[in-house]
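Take a look at the letters that make up each chain.
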Amino acid sequence: MATQRSSKKTPAAPATKERSATATPDSHNQVVDHAPKAAPKAARKGPAAPVPLGPDVTLEADGALSVRMTVTASDVSFLAGNAALTAGDIEGALRAYEAALAGAPDDAAIHNNLGQALARAGRVDEALAACSRAIELAPEARFFANRAELHRELGDLEQALADAEEALDSDGGDTAANHLLRGLLCYDIEEYDESVAELEAARELDAELLDLHFHLGKALLRLERLEEADQAFTADIRSDDGAAMSYFNRFVTRQRLGKKAAARKDLDAAIERDPEN
């Protein structure tokens with residue numbers, strides 16, 4: 001990446017006092033009757049030659065770094081797969097990722113994204129194998145988190161929790177999504193106190209995380225921490241523009257709090273948004 005050029009100028013040489021044409025007499029009472037000769041000007045230097053710092057990195061004459069990037073056919077296929085997956089073209093994504101792997105069979109990111117495409121195609125066992133291969137090649141937090149999601153989908157909560165903990169260990173506990181994931185898994189195994197702790201940790205890192213407040217409200221409701229649950233469901237309703245399930249859960253919470261009128265309004269709002277359920 002190019003570095004920003006410095007706007008600072010080379011500092012000027014410190015100013016000196018002019019010598020007098022009649023210097024202080026020496027021991028022979030002689031007088032200097034001429035000014036000192038000016039120092040010769042330094043020769044002007046031309047621009048410095050670029051300095052190679054590596055096979056693809058060069059320090060240019062103006063101080064900027066230039067990086068030469070080589071794009072391979074696998075890179076192109078990988079990017080095409082990402083675009084297809086984002087657009088919902090699962091079959092197109094699978095073809096692109098397979099083509100990318102043909103040229104880069106040991107690229108962990110390609111195996112990981114192939115796993116996501118396979119999962120969305122309903123081929124969960126194959127997706128699990130692809131995610132496991134990604135972890136073998138590069139044990140990164142995001143790969144553990146993706147495999148944890150797959151284990152959860154398959155009902156293997158013990159292995160899902162193990163992967164979620166690996167994800168948290170790998171990122172130093174600094175990723176809200178990984179705290180959310182572990183919070184959901186703790187809820188699944190009815191460890192509600194631990195679930196709340198993880199979800200609150202996620203909220204500290206990213207209060208705007210999708211569905212965070214909804215899941216936190218559910219865990220708080222299980223613990224009968226009703227006022228806090230009410231606040232969590234209210235936060236989710238504000239962020240999600242009025243999801244039916246959030247209104248329904250707040251209805252249940254307010255019923256238990258004895259807020260009958262407010263509870264009734266929430267029930268009406270839930271029915272209005274999802275009349276079939």
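Residues numbered from 1 in each chain as written. Predicted model: local features only at pLDDT ≥ 70, side-chain atom pairs only at ≥ 80, totals over all residues. Heavy atoms only, no water.

Novice: I tried to follow the pattern of salt bridges on my own but got confused; where do I start?
Specialist: Once the charged atoms of two side chains with opposite charge are near each other, the side chains can pair. Inspection of the entire model under this criterion finds 19 salt bridges. In this structure, the salt-bridge partner of Glu224 is Arg256, at a minimum N-O distance of 2.7 Å. One end of the pair, Glu224, is in the loop between α9 (212-222) and α10 (226-240); the other, Arg256, is in helix α11 (residues 244-257), and 32 residues separate them in sequence. According to the relative accessible area criterion, Glu224 is partly exposed, its value standing at 46%. As a salt-bridge pair, Glu227 and Lys259 come within 3.8 Å of each other at their nearest N and O atoms. Pair noted here: Glu227 is in helix α10 and Lys259 is in the loop between α11 and α12 (260-273), with a separation of 32 residues, a long-range link. Residue Glu227 is classed as partly exposed on the basis of its relative accessible area, which comes to 43%. Sharing partners across several salt bridges, the network here consists of Glu227, Asp230, Arg250, Arg254, Lys259 and Asp266. (Salt bridge = Lys/Arg side-chain N within 4 Å of Asp/Glu carboxyl O. Helix = DSSP H or I, 4+ residues; strand = E, 2+ residues; numbered from the N terminus. Buried < 20%, exposed > 50% of the residue type's maximum accessible area, 1.4 Å probe, protein only.)

Novice: Can you walk me through the layout of surface pockets in this structure?
Specialist: Sizing a probe to match a water molecule and rolling it over the atoms shows the empty space that remains. For the largest pocket, the calculated volume is near 220 Å³. Around the largest pocket, the lining residues are Ala145, Asn146, Glu149, Ala177, Asn178, Leu180, Leu181, Leu184, Leu209, Leu210, Asp211 and His215. Of all elements in the fold, only α5 (141-153) and α7 (176-188) reach the threshold of two or more residues within the lining of the largest pocket. For the lining of the largest pocket, the element with the most residues is α7, which contributes five residues. (1 Å grid on protein atoms, 1.4 Å probe; cavity = no way out; pocket = protein on both sides within 12 Å on 5 of 7 lines; lining within 4 Å. Points joined across faces, edges and corners; volume = space filled by probe spheres on them.)

Novice: Help me understand the packing of aromatic side chains in this model?
Specialist: Geometry of an aromatic ring pair is reported as the spacing of the ring centres plus the angle between the planes. This structure, assessed with the given rule, holds four aromatic pairs. Consider the rings of Tyr187 and Tyr192, whose centres lie 5.2 Å apart with planes at 65°: the pair is edge-to-face. Tyr187 gets classed as buried once you look at its relative accessible area, which sits at 17%. With centroids separated by 5.7 Å and ring planes inclined at 45°, the aromatic side chains of Phe248 and Phe251 adopt a geometry described as tilted. One end of the pair is Phe248 and the other is Phe251, both in helix α11 and three residues apart, which spans about a single turn. Residue Phe251 is classed as buried on the basis of its relative accessible area of 14%. (Phe/Tyr/Trp six-rings, centres within 6.5 Å; stacked < 30°, edge-to-face > 60°.)

Novice: I keep staring at the confidence of the model for the chain and nothing clicks. Help me out?
Specialist: The predicted model of the chain averages 83 in pLDDT, with 76% of residues at 70 or higher. Low pLDDT, under 50, characterises residues 1-44; the stretch is placed with 15 contacts to residues that sit more than four places away or in other chains. (pLDDT = per-residue confidence, 0-100. Contact = heavy atoms within 4.5 Å.)

Novice: In this structure, what is going on with the side chain of Asn249? I would like to understand it.
Specialist: Mapping Asn249 onto the fold places it in helix α11. Apart from the residues within four sequence positions on either side, Asn249 is in contact with Phe214, Lys218, Leu221 and Phe233.

Novice: Would you mind showing me how to read α12 here?
Specialist: Owing to its 3.6 residues per turn, the α-helix aligns residues three or four sequence positions apart on the same side. An ideal rise of 1.5 Å per residue puts 20 Å on 14 residues; α12 measures up with 20 Å between its terminal C-alpha atoms. Ala263, Asp266, Leu267, Ala269 and Ala270 are the residues of α12 that are buried. Within α12, the buried residues cover an arc of 160° as seen down the axis, which keeps them to one side. For α12, the exposed residues set more than 90 degrees away from the buried face come down to Ala261, Lys265 and Glu272. The inward-facing, buried residues of α12 contact α11. (Expected span 1.5 Å × (residues − 1). Arc of directions from axis to C-beta.)

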